[in-house]
Amino acid sequence: MSKKKKKKSGKVQQPYRDMHARKSILITGFVIVLVGFVLTLYGALCLFVPDVNFFKKLYSLYLIIGLLAGGVFAAFLGTIFTVAGANTKKSLARLSMFFGVNVFLIGAGILITVLFFSTIIPFPALRRLAEGCTMILPSILI
């Protein structure tokens, strides 16, 4: 019983031929990850320093939930784009994956904390504390 050997042509087709398109996908993923990082950072700042909130009419808890959810989603989407174009420039892909994974985990952790423990964490008291700190801080620096 002999097995037939398959003919090898010597030419292997890559699944993606256009490397410039893959590089643009990688850069797009990196930009999306950075947008997720900015959204998550701003959401965390609005949580602990409510004076940073420049949307005065919007209740800060809804803003925080929206920013953190948007940041987590952007980090997830950017990581998917990064994986799609990772073979073109490995250093940028590694940096994007580092930021994407960290932003996803930290943002998801803060988001879960805010969603599930909003009755335990005294958000109005944190707001009053931050307002008091912003009034005291300039007098200390002068």
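This is a predicted model, so every value here is computed, not measured.

Colleague: What is the right way to read the overall build of the protein from this model?
Modeller: Helix and strand counts for the protein come out as four helices and zero strands. When its helices and strands are written in sequence order, the protein yields α-α-α-α. Taking all 142 residues of the protein together, the buried fraction comes to 29%. Taking the contacts inside the protein whose residues are at least 6 apart along the sequence as the reference set, 79% of them involve residues at least 24 apart.

Colleague: Would you mind showing me how to read the nonpolar core here?
Modeller: In terms of nonpolar packing, the biggest core is built from twelve residues, these being Y42, A44, C46, L47, L61, L63, I64, L67, L68, I110, L111 and V114. Broken down by secondary-structure element, the contributors of at least two residues to this core are α1 (19-48), α2 (60-84) and α3 (90-116). Sorting elements by how many residues they give to this core places α2 first, with five residues.

Colleague: Even after reading the chapter, I still don't get the packing of aromatic side chains, so can you show me in this structure?
Modeller: Two numbers describe a pair of aromatic rings. These are the distance of the centres and the angle of the planes. Using the criterion set out here, one finds three aromatic pairs in the structure. Between F37 and F99, the aromatic rings sit 5.7 Å apart at their centres with planes inclined by 55°, giving tilted as the arrangement. Here the residue F37 occupies a position in helix α1, and F99 occupies one in helix α3, the gap between them amounting to 62 residues. Among the aromatic residues, ring-to-ring pairing joins F37, F98 and F99 into one connected group.

Colleague: Looking at this model, I keep getting lost on the side chain of S96. Mind explaining?
Modeller: By secondary structure assignment, the location of S96 is in helix α3. In this structure S96 comes out as buried when scored by relative accessible area, which is 0%. For S96, the contacting residues outside a window of four places in its chain are G29, F30, V33 and T82.

Colleague: Would you take a moment to explain a nonpolar patch on the surface for this structure?
Modeller: Residues L34, F37, V38, L41, L45, F48 and V49 make up a contiguous nonpolar surface patch of roughly 580 Å² in combined accessible area. Within the fold, V49 resides in the loop between α1 and α2.

Colleague: What is the right way to read the side chain of T40 from this model?
Modeller: With respect to the helices, strands and loops of the structure, T40 is situated in helix α1. A distance of 2.8 Å separates a polar atom in the side chain of T40 from the backbone oxygen of G36. Beyond its immediate chain neighbours, meaning those up to four positions away, T40 contacts L67, L68, G71, V72, V103 and G107.

Colleague: So what exactly am I meant to see when it comes to α3 here?
Modeller: Three- or four-residue spacings in an α-helix give side chains the same orientation, since the helix completes a turn every 3.6 residues. In this model α3 runs 38 Å from its N-terminal to its C-terminal C-alpha over 27 residues, within 8% of the 39 Å that 1.5 Å per residue would give. Those residues of α3 that fall on the buried side of the exposure criterion are L92, A93, S96, G100, V103, G107, A108, I110, L111 and V114.

Colleague: Which parts of the structure should I look at to understand the packing of α1 against α3?
Modeller: Working note: a packed helix pair is described by the angle between its axes plus the distance between those axes. Taken N-terminus to C-terminus, the directions of α1 and α3 make an angle of 30°; their axes are 9 Å apart at the nearest point. Relative to α3, the element α1 lies roughly parallel. The chirality of how α1 crosses α3 is left-handed. Contacts between α1 and α3 involve L26, I27, G29, F30, V33, G36, F37, T40, A44 and L47 from the former and L92, A93, L95, S96, F99, G100, V103, G107, I110 and V114 from the latter. Looking at the contact of α1 with α3 residue by residue, the class counts come to 14 nonpolar, six polar and no charged.

About the thresholds
Residues numbered from 1 in each chain as written. Predicted model: local features only at pLDDT ≥ 70, side-chain atom pairs only at ≥ 80, totals over all residues. Heavy atoms only, no water. Helix = DSSP H or I, 4+ residues; strand = E, 2+ residues; numbered from the N terminus. Buried < 20%, exposed > 50% of the residue type's maximum accessible area, 1.4 Å probe, protein only. Contact = heavy atoms within 4.5 Å. Core = buried A, V, L, I, M, F, W, Y, C linked by side-chain atoms within 4.5 Å. Phe/Tyr/Trp six-rings, centres within 6.5 Å; stacked < 30°, edge-to-face > 60°. Patch = residues over 30% accessible without salt bridge, like charges linked within 9 Å, V, L, I, M, F, W, Y side chains within 5 Å. Areas by Shrake-Rupley, 256 points an atom, 1.4 Å probe, with all protein chains shown as cover. Salt bridge = Lys/Arg side-chain N within 4 Å of Asp/Glu carboxyl O. Polar contact = N/O pair within 3.5 Å; in protein donor to acceptor, adjacent residues only side chain to side chain. Expected span 1.5 Å × (residues − 1). Axes fitted to C-alpha atoms, helices over the stretch in contact; angles between N-to-C directions. Parallel < 35°, antiparallel > 145°, perpendicular 65-115°, else oblique. Left-handed = near helix turned anticlockwise from the far one by under 90°. Nonpolar A, V, L, I, M, F, W, Y, C, P; charged D, E, K, R; others polar.

Honestly, it's all geometry; don't read function into it.
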